[in-house]
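# Structure assessment
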Amino acid sequence: MEFQAVVMAAGGGSRMTDLTSSIPKPLLPVGNRPLLWYPLNLLERAGFEEVIVITRKEIQKMLSLDTKMKLDFVYISDNVDMGTADSLRHIHQKIKTDVLVLSCDLITDVDLYKVVDLFRTHDATLSMLMKKAPEPTEVAPGQKGKKKPVEQRDFIGVDDTGKRLLFMANEADLDEELVIKRSILQKHPRMHIRTGLMDAHLYCLKKYVVDFLVENRTITSLRSELIPHLVRKQFSSPTSLQQGLDNKEEGRKKKEQASLDIYSFIKEDNSLLKPAPDNSCWNDHRGDMNETLHEGKVRCYVHIMKEGLCCRVNTLALYIEANRQVPKLLLNLGLEEPLVHGTAQITDRGMVGSDSIIGSSTQIGEKTSIKHSIIGSACTIKDKVKITNCIIMNSVTIEEGCCLQGSVICNNAVIEKGADIKDCLIGSDQRLETKGK
Amino acid sequence: MAEREAPGGEREPCRASGAAPGRGVSHVAPVPGAGPGAAPSVPVVVQGPELSREEKLQLRKEKKQQKKKKRNEKGTAAEPPEPGTAADPAQPRVTPHPASPPASANAPNDGEKPPGGKSKAELRAERRAKQEAERAQKQAKKAELGQGAAPAKPRLTPTEAPSVVKRLPEHVQVDDPAAQRKLAKKLERQQVPLRQDYGTKVNLFSHLHQYSRKKPLTQQMSIPSTVIHPAVVRLGLQYSQGIINGSNARCIALLEVFKQLIRDYSTPPNEELSRDLVAKLKPHISFLNQCRPLSVSMGNAIKFLKKEISCLPDTLREEEAKEKLQGTIDNYLREKIVLAAEAISKSAFEKINDNDVILVYGCSSLVNRTLCDAHTQTDRTFRVIVVDSRPRLEGRETLRRLVRHGIHCTYVMINAISYVLPEVSKVLLGAHALLANGSVMSRVGTSQIALVSKAYNVPVLVCCETYKFCERVQTDSFVSNELDDPDDLIVQRKGQAQLGGWAENKSLRLLNLVYDVTPPDLVDLVITDLGMIPCTSVPVVLRVKNVDQQ
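Labelled according to an unreviewed UniProt entry, chain B appears under the name Translation initiation factor eIF2B subunit delta, originating from Gallus gallus. Of the comments in the UniProt record for chain B, the one headed Sequence similarities (unreviewed entry) reads "Belongs to the eIF-2B alpha/beta/delta subunits family."

An unreviewed UniProt entry annotates chain A as Translation initiation factor eIF2B subunit gamma of Gallus gallus. Quoted straight from UniProt, the Subcellular location (unreviewed entry) entry for chain A says "Cytoplasm, Cytosol". Entered under Sequence similarities (unreviewed entry) in the UniProt record, the comment concerning chain A runs "Belongs to the eIF-2B gamma/epsilon subunits family."

In structure tokens:
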């Protein structure tokens with residue numbers, strides 16, 4: 001088998017606690033489908049037949065997905081706080097081949113073969129997906145007045161072709177200067193450094209990386225620790241690492257350190273590639289006397305998406321953005337369900353905008369206009385309500401004469417008559433009085 | 001005045017030079033034609049003035065009818081017209097038409113008096129008798145089979161071995177919808193996706209595939225590939241993206257992947273390894289063919305492997321059989337590629353003298369190895385001129401390898417060869433394949449270099465291992481070639497790509513050829529692992545190889 005897919009759905013959604021306090025993150029409805037459905041759908045479309053889903057126990061009970069794939073749920077208890085790398089270590093016995101790791105909050109329509117082809121063609125250690133991040137335009141509801149700190153920027157260095165990942169650092173790890181090792185510049189004199197890229201958390205990893213993780217217990221998170229480590233490793237040789245580790249961590253035996261070096265995990269069945277490159281006339285760089293790929297064994301590649309949808313539902317603002325983009329995505333996927341569910345009872349069809357999604361069993365009264373909104377199932381919306389740019393979850397009751405703009409209303413909320421809500425976030429089970437503002 | 005008939009590459013069988021010394025012997029073409037696919041022997045009338053006009057017209061009409069019939073019947077029989085093997089009286093062929101042979105046979109040859117006349121006449125009489133007997137036989141057969149009133153089609157006599165009708169391979173019949181449909185059906189059966197052609201092709205080459213590198217075959221496959229082994233998918237991607245380039249490299253990579261395939265293979269119950277493994281290899285070979293057309297070296301390796309697999313004795317257990325196969329593949333690799341390279345390098349650098357200036361073209365692993373070995377193992381001083389051409393610019397890699405070894409190099413583009421050739425002492429070229437008529441198939445541009453070198457009287461040496469010898473015959477570069485991605489020709493200068501919008505312009509077509517064919521008279525010597533042979537001895541080597549393998 002070539003690949004195994006792993007979806008990480010155990011995260012807590014720490015950056016949008018308003019929403020995730022009542023609903024676990026993988027089940028957050030986006031476009032009236034649970035968030036977990038999107039990465040699973042991506043894998044299904046690509047042709048995967050089995051997926052390993054790492055999640056918390058209660059999620060599976062609430063989950064009802066209709067996919068043809070075989071889902072293998074692995075549970076982590078709530079008490080243990082596991083990072084993504086820890087989770088991989090937890091299931092390492094199930095992993096027998098190269099692994100494709102996805103995060104549950106990824107919504108994208110990328111062609112997976114582009115990422116995977118980079119992995120296959122160059123026999124890479126790591127292949128990941130990134131997208132040019134859009135500028136945040138609007139302030140998220142519920143956060144008015146709070147000055148959001150500037151998001152920590154990522155510095156990503158790629159080579160001339162735009163495929164080879166040379167450098168990765170987060171602003172938080174740097175003091176004042178960006179330090180680039182000389183060995184990188186010696187091998188790749190031209191490097192493009194970009195800051196506006198968003199990491200999609202989609203990684204193709206070789207099996208020996210998982211073996212390395214098993215031995216090396218200090219790495220807890222894939223994104224913040226393992227990936228930068230691999231990127232740095234491309235340009236350091238095994239011996240120099242040993243000296244480096246000696247200096248940093250005292251009290252460890254040398255033997256242990258040697259075995260922690262990832263090079264020792266790379267099996268020598270690179271024989272497939274050995275004699276051929278000697279005779280092949282391809283070289284990935286020119287201008288110096290080195291062999292192709294500088295005979296480096298660790299190689300990291302990145303596919304940077306230019307067009308298309310790719311968002312991670314991490315924060316409230318991104319959640320709203322995702323909801324806005326999802327109707328287009330669902331249309332493109334060609335799903336059979338129409339945007340407006342069949343069982344919804346809408347008295348006035350004409351007032352419902354074309355890119356609004358309405359869930360099942362929702363009742364919508366007369367003279368109610370709904371534009372650019374997503375309404376969950378089993379909602380009751382009375383007459384003369386104006387809803388624009390809102391996300392309304394399941395079982396919400398909205399009485400007459402309300403006007404909602406740019407808001408997020410969670411499950412089971414009740415909004416009494418005449419309320420005028422703008423840019424608010426209303427939690428679950430809340431009740432808003434009449435004529436509230 | 002012999003009337004020549006030359007349909008599709010067949011040789012005029014009757015030119016009497018071999019059988020009957022002296023000109024103008026009219027005998028009715030008992031010529032052994034070239035190998036398979038019987039060449040019709042044409043009644044050739046030798047001395048014009050003896051035949052009447054009506055007879056000549058009649059003869060012409062018959063020839064035309066035969067030609068038509070042949071074309072309708074078979075595909076092209078790609079027989080190499082064997083040079084110099086003309087009439088062999090030991091193998092008489094049937095002459096189809098009853099009327100003409102007697103006429104021409106009896107045409108009195110008063111005019112000439114061949115030396116050794118009596119033996120000639122005897123021979124002639126013998127031949128006539130044989131032909132008439134065979135004609136009678138044929139008529140009888142024809143009456144049995146109840147074929148139409150058309151004159152007898154040229155067929156082999158039953159005494160001769162049945163020949164293999166060579167069919168045109170699919171990859172040179174892209175503009176024939178029937179062939180493409182057959183291919184599509186075959187690929188569907190094997191569950192291999194069909195790669196779409198890209199862009200408008202130049203008319204002369206519309207019979208070849210043209211693929212785009214940006215649309216790999218994996219686009220249409222499921223991601224964890226189940227039908228095709230992952231190693232083969234990786235290999236196919238590396239071929240189509242140009243990462244593994246060069247005849248030897250591709251063949252070595254292919255054999256390594258086959259070793260892995262065999263390792264991962266397990267015989268299903270009720271099947272025999274020798275038959276099932278070949279069937280399992282076929283979809284993978286089709287997949288690789290779709291990624292990039294197979295090279296001659298790869299084709300020969302596959303043929304060898306298939307033969308080895310089908311010759312496995314049934315008594316072997318599965319593990320033993322697999323080990324034996326791995327051993328044979330290793331042997332093939334070692335003997336035909338690695339050791340052959342060593343042998344060629346040794347014999348070639350004997351040709352390099354002190355203070356030589358050697359011209360090389362593109363990147364050939366053999367030539368590079370020869371030059372590096374010559375530099376390290378002998379103490380002759382020589383310098384190298386590396387000629388390069390767009391769009392591949394492979395010469396840069398040659399340059400890097402030679403300079404790394406310490407050889408003094410000059411680098412020019414192919415348009416400068418007439419400027420450098422006056423100081424060149426010999427030209428050393430690599431080959432993708434050697435064809436059965438002695439032509440050399442190599443990277444596009446090689447024939448130019450050979451041509452200009454001939455004009456400057458510089459000797460041209462070609463290095464080629466014997467496993468790249470091929471039984472195909474080509475006299476031009478059009479019939480069987482490879483079209484590379486035309487977008488490679490687009491060059492960006494100062495942020496602008498002049499040819500960027502070529503697809504929108506209806507009257508603009510880009511052509512990116514990969515190979516070309518150098519005629520044998522431009523090549524002075526071929527250095528193989530069997531020694532140094534002239535170009536025209538290639539069919540001999542092929543014949544010897546065939547005998548060896550049987």
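We are not done yet, so read on.
## Some details on the confidence of the model for chain B
Across chain B, the average pLDDT comes to 80, with 78% of residues at 70 or higher. Taking the mean pLDDT of every element in chain B, the minimum, 42, falls on helix 2 (residues 100-105) of chain B and the maximum, 96, on helix 13 (residues 446-455) of chain B.

## Some words on the interface of chain A and chain B
How large an interface is tends to be reported as the accessible area lost when its parts come together. Each partner contributes residues to the interface: chain A has 29 residues there, and chain B has 34 residues. Between chain A and chain B the total buried area reaches about 3000 Å² when both faces are included, carbon and sulfur atoms providing 60% of it. Counting the contacts that link chain A with chain B gives one salt bridge. Taking the shortest distance from any N to any O, the salt bridge between Arg234(B) and Asp123(A) comes out at 3.9 Å. Of all the secondary-structure elements, those providing two or more residues to the side of chain A that touches chain B are helix 5 (112-121) and helix 11 (275-279) of chain A. It is helix 5 of chain A that contributes the most residues to the side of chain A that touches chain B, six residues altogether. Residue composition of the side of chain A that touches chain B, by class: 14 nonpolar, seven polar and eight charged.

## Structural notes on the sheet that holds strand 11 (residues 192-194) of chain A
Residue and element names in this part refer to chain A. Reading across the sheet, the three strands line up as 10-9-11 and stay open at both edges, with antiparallel pairing between neighbours. In this open sheet, the two edge strands, each paired with only one partner strand, are strand 10 (165-170) and strand 11. Each strand axis lies, on average, 15° off the axis of its neighbour in the sheet, ignoring direction. Across five bridges, strand 9 (residues 154-158) lies against strand 10 in antiparallel orientation. Looking at strand 10, one finds that Val158 is bridged to Leu165.

## Comments concerning the nonpolar core
Ranked by internal contacts, the top residues of the largest apolar core, which has 63 residues, are Leu43(A), Phe48(A), Ile107(A) and Tyr319(A). Residue contributions to this core peak at seven residues, all from helix 12 (residues 316-333) of chain A. Structurally, this core is a two-domain feature, drawing no fewer than three residues from each of domain 1 (3-143 + 152-241 + 248-263 + 293-325) and domain 2 (343-432) of chain A. Counting 44 residues, the second largest nonpolar core, distinct from the first, contains Leu305(B), Leu325(B), Tyr332(B) and Leu333(B).

Criteria and thresholds
Residues numbered from 1 in each chain as written. Chains lettered and ligands numbered in written order. Predicted model: local features only at pLDDT ≥ 70, side-chain atom pairs only at ≥ 80, totals over all residues. Heavy atoms only, no water. UniProt positions renumbered as here; feature names shortened; annotations may be inferred. pLDDT = per-residue confidence, 0-100. Helix = DSSP H or I, 4+ residues; strand = E, 2+ residues; numbered from the N terminus. Contact = heavy atoms within 4.5 Å. Buried area = accessible area lost by both parts, 1.4 Å probe. Salt bridge = Lys/Arg side-chain N within 4 Å of Asp/Glu carboxyl O. Nonpolar A, V, L, I, M, F, W, Y, C, P; charged D, E, K, R; others polar. Pairing = 2+ DSSP bridges. Axes fitted to C-alpha atoms, helices over the stretch in contact; angles between N-to-C directions. Core = buried A, V, L, I, M, F, W, Y, C linked by side-chain atoms within 4.5 Å. Buried < 20%, exposed > 50% of the residue type's maximum accessible area, 1.4 Å probe, protein only. Domains from an automatic or database assignment.

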